[in-house]
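Listed below are the residues making up each chain.
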Amino acid sequence: AQKITQTQPGMFVQEKEAVTLDCTYDTSDPSYGLFWYKQPSSGEMIFLIYQGSYDQQNATEGRYSLNFQKARKSANLVISASQLGDSAMYFCAMREGIRRDDKIIFGKGTRLHILP
Amino acid sequence: KAGVTQTPRYLIKTRGQQVTLSCSPISGHRSVSWYQQTPGQGLQFLFEYFSETQRNKGNFPGRFSGRQFSNSRSEMNVSTLELGDSALYLCASSLTSGRALSSEQFFGPGTRLTVL
């Protein structure tokens, strides 16, 4: 079974609008961490934001915020005031605490297109 | 501080050949993970090395191997290349391994391998 599901293969959004990228996850481990990465066409993965399973508040980093709904196992990324430079692939990922190693499981990604 | 570097950036090989990819982590980072990215399978974990020891291995055939040196630099080797090995190979480094769920992995630009 997929551990990370991103249901939107692609999205088109008008510049300056907010955008929500969906992510659901599946784990039986009570301790886990959720990540969002951005991958521009250059290929390099850029870390955006992190949310721990025990964090009380939703994570925010500048224009990025994570809408964490633990009961629904949902960790959507919200980008406010989108910019042309936000056009890229976005990956939701998870690290399970029981692993005690650095392995991260990635979703299939969402390709975001920002329209001028 | 220099980021994660990977060499070479691009590689073209033919079926049956072998290839070695190199990854230099951020100075002071002791954990190096390797991922394979393909359009069909997405990002898949290959293996992780920490202090010259393989900590975890993904579900890949034995043709895929790796090692880490005392200076934390890592190499991965693919023997008897197949067409399906064409992919972007990403290396990521982190300061520790599995010590903290929030431990961020810093990714290199990747090596794009094409097998003809």
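Residues numbered from 1 in each chain as written. Chains lettered and ligands numbered in written order. Predicted model: local features only at pLDDT ≥ 70, side-chain atom pairs only at ≥ 80, totals over all residues. Heavy atoms only, no water.

Mind showing me how you'd approach the interface of chain B and chain A here?
Often the size quoted for an interface is simply the accessible area lost on bringing the parts together. Taken together, the contact between chain B and chain A spans 28 residues of the former and 24 residues of the latter. Together, the buried faces of chain B and chain A total about 2000 Å²; carbon and sulfur atoms form 51% of this surface. Between chain B and chain A we count zero salt bridges in total. At the boundary of chain B and chain A, one finds five residue pairs in polar contact (both at pLDDT 80 or more). Among the secondary structure elements, those contributing two or more residues to the side of chain B that touches chain A are β4 (31-38), β5 (42-50), β6 (53-57) and β9 (87-94) of chain B. (Contact = heavy atoms within 4.5 Å. Buried area = accessible area lost by both parts, 1.4 Å probe. Salt bridge = Lys/Arg side-chain N within 4 Å of Asp/Glu carboxyl O. Polar contact = N/O pair within 3.5 Å; in protein donor to acceptor, adjacent residues only side chain to side chain. Helix = DSSP H or I, 4+ residues; strand = E, 2+ residues; numbered from the N terminus.)

So what exactly am I meant to see when it comes to the sheet that holds strand β8 (residues 74-78) of chain B here?
Remark on secondary structure: sheet strands pair via backbone hydrogen bonds, oriented parallel or antiparallel. All names here are of chain B. Strand order across the open sheet formed by four strands is β1-β3-β8-β7, with antiparallel pairing between neighbours. Among the strands making up the open sheet, the edge pair consists of β1 (5-7) and β7 (64-68). Averaged over all pairs of adjacent strands, the angle between strand axes in this sheet comes to 20 degrees, irrespective of strand direction. Taken together, the five bridges between β7 and β8 define a ladder with antiparallel strand orientation. What sits directly across from G66, in β8, is M76. (Pairing = 2+ DSSP bridges. Axes fitted to C-alpha atoms, helices over the stretch in contact; angles between N-to-C directions.)

Before we go on, may I ask you to explain the nonpolar core in this structure?
General note: in soluble globular proteins, nonpolar side chains tend to be found buried as a group. Within the largest apolar cluster, 26 residues are counted, with the highest numbers of intra-cluster contacts made by Y25, W36, I49, L77, Y90 and L112 of chain A. With sequence-adjacent residues up to four places away left out, Y90 of chain A is seen in contact with Q6, L21, W36, Y37, K38, L48, L77, I79, G109, T110 and L112 of chain A. In terms of nonpolar packing, the next biggest core, distinct from the first, is built from 21 residues, L11, V19, L113 and V115 of chain B among them. (Core = buried A, V, L, I, M, F, W, Y, C linked by side-chain atoms within 4.5 Å. Buried < 20%, exposed > 50% of the residue type's maximum accessible area, 1.4 Å probe, protein only.)

Please clarify how the state of the cysteines should be interpreted in this entry.
Two cysteines joined by a covalent bond between their sulfur atoms form a disulfide. Applying the stated criterion across every chain, the model contains two disulfides over all chains. The disulfide partner of C23 of chain A is C92 of chain A, and the S-S distance across this bridge is 2.0 Å. Taking the sign of the torsion about the S-S bond as the criterion, the disulfide between C23 of chain A and C92 of chain A, at about -60 degrees, is left-handed. On the criterion of sequence distance, the pair formed by C23 of chain A in the loop between β3 (19-21) and β4 (24-25) and C92 of chain A in strand β10 (residues 88-96) is long-range, its members being 69 residues apart. Grouping residues by exposure puts C23 of chain A and C92 of chain A together as buried. Here C23 of chain B engages in a disulfide with C91 of chain B; their sulfurs sit 1.7 Å apart. Sign of the S-S torsion, about -50 degrees for the bond between C23 of chain B and C91 of chain B, identifies this disulfide as left-handed. Separated by 68 residues along the polypeptide, C23 of chain B in strand β3 (residues 19-24) and C91 of chain B in strand β9 bring together distant segments of the chain. Of the two residues, C23 of chain B and C91 of chain B, both sit in the buried class. (Disulfide = S-S within 2.5 Å.)

Can you walk me through the environment of S72 of chain B in this structure?
Residue and element names in this part refer to chain B. In this structure, S72 sits in the loop between β7 and β8. The class for S72 is buried, based on a relative accessible area of 12%. With residues near it in sequence (within four places) discarded, S72 still touches P25, H29, R30 and V32.

Help me understand the packing of aromatic side chains in this model?
The geometry of an aromatic ring pair comes down to the distance between the two centres and the angle between the two planes. Residues and elements named next belong to chain A. Tallied over the full model, the rule gives 14 aromatic pairs over all chains. With a centroid separation of 6.3 Å and an interplanar angle of 65 degrees, the aromatic rings of F35 and F47 are classed as edge-to-face. Of this pair, F35 sits in strand β5 (residues 32-39) while F47 sits in strand β6 (residues 46-52), and the two are 12 residues apart along the sequence. With a relative accessible area of 0%, F35 lands in the buried category. Between Y37 and F106 the ring centres are 5.8 Å apart and the planes differ by 50 degrees, which places this aromatic pair in the tilted class. In this pair, Y37 is assigned in strand β5 and F106 in strand β11 (residues 105-106), connecting sequence segments 69 residues apart. (Phe/Tyr/Trp six-rings, centres within 6.5 Å; stacked < 30°, edge-to-face > 60°.)

What is the right way to look at the side chain of T111 of chain B in this model?
Residue and element names in this part refer to chain B. In this fold, T111 is placed in strand β11 (residues 111-115). Of the polar contacts made by the side chain of T111, one reaches the backbone oxygen of P8; its length is 2.5 Å. When residues no more than four places from it in sequence are discounted, the contact partners of T111 are Q6, T7, P8, R9, L21, A87, L88 and Y89.

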